[in-house]
Amino acid sequence: MNRFRLMLIGCGRISKNHIAAAAANNELCELSALCDPVVENAEKQAERYRELTGSRPPVFAGYREALDAVRPDVCVIATESGLHAEIARACIAQGRHVLVEKPVALSTADAEAMVREAEAKGVTLGVCHQNRFNPPVQELRRALDAGRFGRLVNGTARILWNRTMPYYEQAPWRGTWAQDGGTLMNQCIHGIDLLQWSLGGEPETVMAMTGNFLRDIEAEDFGAVLVRFKNGAIGIIEGTACVYPKNLEETLSVFGETGAAVIGGLAVNRVQTWNFAEAAPQDETVAALTGKDPSDVYGSGHTALYRDYLTAVQQGRDPLVTGREGMKAMKIILAAYQSQKTGLPVALDGLNFSTLDMDNRDVRVKN
């Protein structure tokens, strides 16, 4: 079949990973347009794509103009988080498939509307949780599916990173309740997604303490979260943007009756512990997955995620990270925010919350 025509909306910090992923899947797709209100950002990424493929897509300031001019098959949304829902719903309304960067939205109502409208239109909504495609994470998933852990007891996600004020000042939407949220929603959501995916995928209750300690932003720069899952397992999340002087680790640990695994490194890319009651053929593969850290915390999973998403659209199946799957980590974080606001545990079933329900005073820590 013909290659999918992709349109990338948003050409900021993460866009280079999308350019590389589209180029690496050149047999499945062609980048037919780039959109960004800051046109020079789009021009820069158009040139990057030309260097990789020999083809230079046209550039637009507005995505609505580009939708009409290019008529893409797939819209990839990599704007500030607060615009994800509005843009995705506009693209879905035109019958376009949509792949959206994390978080899928900043409110449960918006995310549910995106899923509902995509299903009604018969288009595929996917979410960029690319760390699911890291080889160590894939091996962990295989072990979980094979029952090697026995009864699951607990897991932890530790995202110990550094984001200084120049990072936030680069893009004034960062750290705001209207367009971003804090470190849990921006930096920690990938680790939270892996934790919930590993512990059964059905979070039940969330209890959290968060705070703004060091960064001059509206939202939290540190969060500690407990998650009870419907299968009884307990998840523990530690997320921070305050580690001095630079990023330290992103680590996922899973513990069960007959197994223990820890995947760490800069971006959950190194197997650090792999202990099971019984050996299995995959253990030889896992032994080789202790390699070097990626060049940045985004890792290299976008290429595999693109391939999975595009082949899913081609084959009429669900991608690994559907809109519904992409909602799960977002809902845990929104429940954590509500728990911080109220001081109470929050049930996930029936949750109706938004970052806009938060106030700066909810996370201020007194000296």
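The rules behind the values
- Residues numbered from 1 in each chain as written.
- Predicted model: local features only at pLDDT ≥ 70, side-chain atom pairs only at ≥ 80, totals over all residues.
- Heavy atoms only, no water.
- Phe/Tyr/Trp six-rings, centres within 6.5 Å; stacked < 30°, edge-to-face > 60°.
- Helix = DSSP H or I, 4+ residues; strand = E, 2+ residues; numbered from the N terminus.
- Buried < 20%, exposed > 50% of the residue type's maximum accessible area, 1.4 Å probe, protein only.
- Pairing = 2+ DSSP bridges.
- Right-handed = clockwise from strand over helix to strand, strands pointing away.
- Contact = heavy atoms within 4.5 Å.
- Axes fitted to C-alpha atoms, helices over the stretch in contact; angles between N-to-C directions.
- Salt bridge = Lys/Arg side-chain N within 4 Å of Asp/Glu carboxyl O.

(A) Main features of the packing of aromatic side chains. Counted by the stated rule, this structure contains five aromatic pairs. Ring centres of phenylalanine 149 and phenylalanine 276 lie 4.9 Å apart, and the angle between their planes is 80 degrees; on these two criteria the pair is classed as edge-to-face. Taken together, the residues span a long stretch of sequence, with phenylalanine 149 in the loop between helix H6 (135-145) and strand E7 (152-160) and phenylalanine 276 in strand E13 (residues 270-276) at a distance of 127 residues. Residue class for phenylalanine 276 comes out buried when judged on its relative accessible area of 17%. Aromatic side chains tryptophan 274 and phenylalanine 276 sit 5.0 Å apart centroid to centroid with 70 degrees between the ring planes, which places their arrangement in the edge-to-face category. No difference in accessibility class separates tryptophan 274 from phenylalanine 276, as the two residues are buried. Three or more aromatic residues link up through ring pairs in this structure, and these residues are Phe149, Trp274 and Phe276.

(B) Spotlight on the pairing of strand E1 (residues 4-9). When you tally the buried positions in E1, you get five out of six residues, the bulk of the element. The pairing of E1 with strand E2 (residues 29-35) spans six bridges and is classified as parallel. Residue pairing for E2: methionine 7 is matched across the bridge by alanine 33. Crossover connection from E1 via helix H1 (residues 15-24) to parallel E2: handedness right-handed. Note: E1 against strand E4 (residues 74-77), four bridges, orientation parallel. Bridging from a neighbouring strand, methionine 7 pairs with cysteine 75 of E4.

(C) Geometry of the sheet that holds E2. The six strands lie next to each other as E3-E2-E1-E4-E5-E6, forming an open sheet whose pairing is parallel. The strands lining the two open edges of the sheet, one partner per strand, are strand E3 (59-60) and strand E6 (125-128). Most of the contacts of helix H4 (residues 84-93) go to strand E5 (residues 97-101), to which it runs at about 170 degrees, and overall it touches E1, E4 and E5.

(D) Main features of H1. The element H1 is largely enclosed, with a buried count of seven among its ten residues. By the burial criterion, the buried members of H1 are Ser15, Asn17, His18, Ile19, Ala21, Ala22 and Ala23.

(E) Broad picture of the pairing of strand E11 (residues 249-256). Counting buried residues along E11, seven of its eight residues qualify, which places the element largely inside the surrounding structure. Here E11 runs beside strand E12 (residues 259-264); their pairing, made up of five bridges, is antiparallel. Paired with leucine 252 across the two strands is isoleucine 263, which belongs to E12. Where E11 folds back on E12, the antiparallel hairpin that results is connected by two residues.

(F) Geometry of the pattern of salt bridges. Applying the stated criterion across every chain, the model contains 20 salt bridges. Put simply, arginine 89 and glutamate 117 hold a salt bridge, and the shortest N to O gap is 2.6 Å. With a gap of 28 residues between them, arginine 89 in helix H4 and glutamate 117 in helix H5 (residues 108-121) connect regions that are remote in the sequence. By relative accessible area, which is 31% here, arginine 89 ends up partly exposed. The residue lysine 341 makes a salt bridge to aspartate 362 at a minimum N-O spacing of 2.8 Å. Placement of lysine 341 in helix H12 (residues 323-342) and of aspartate 362 in the segment after strand E14 (346-347) is noted, with a sequence separation of 21 residues between them.

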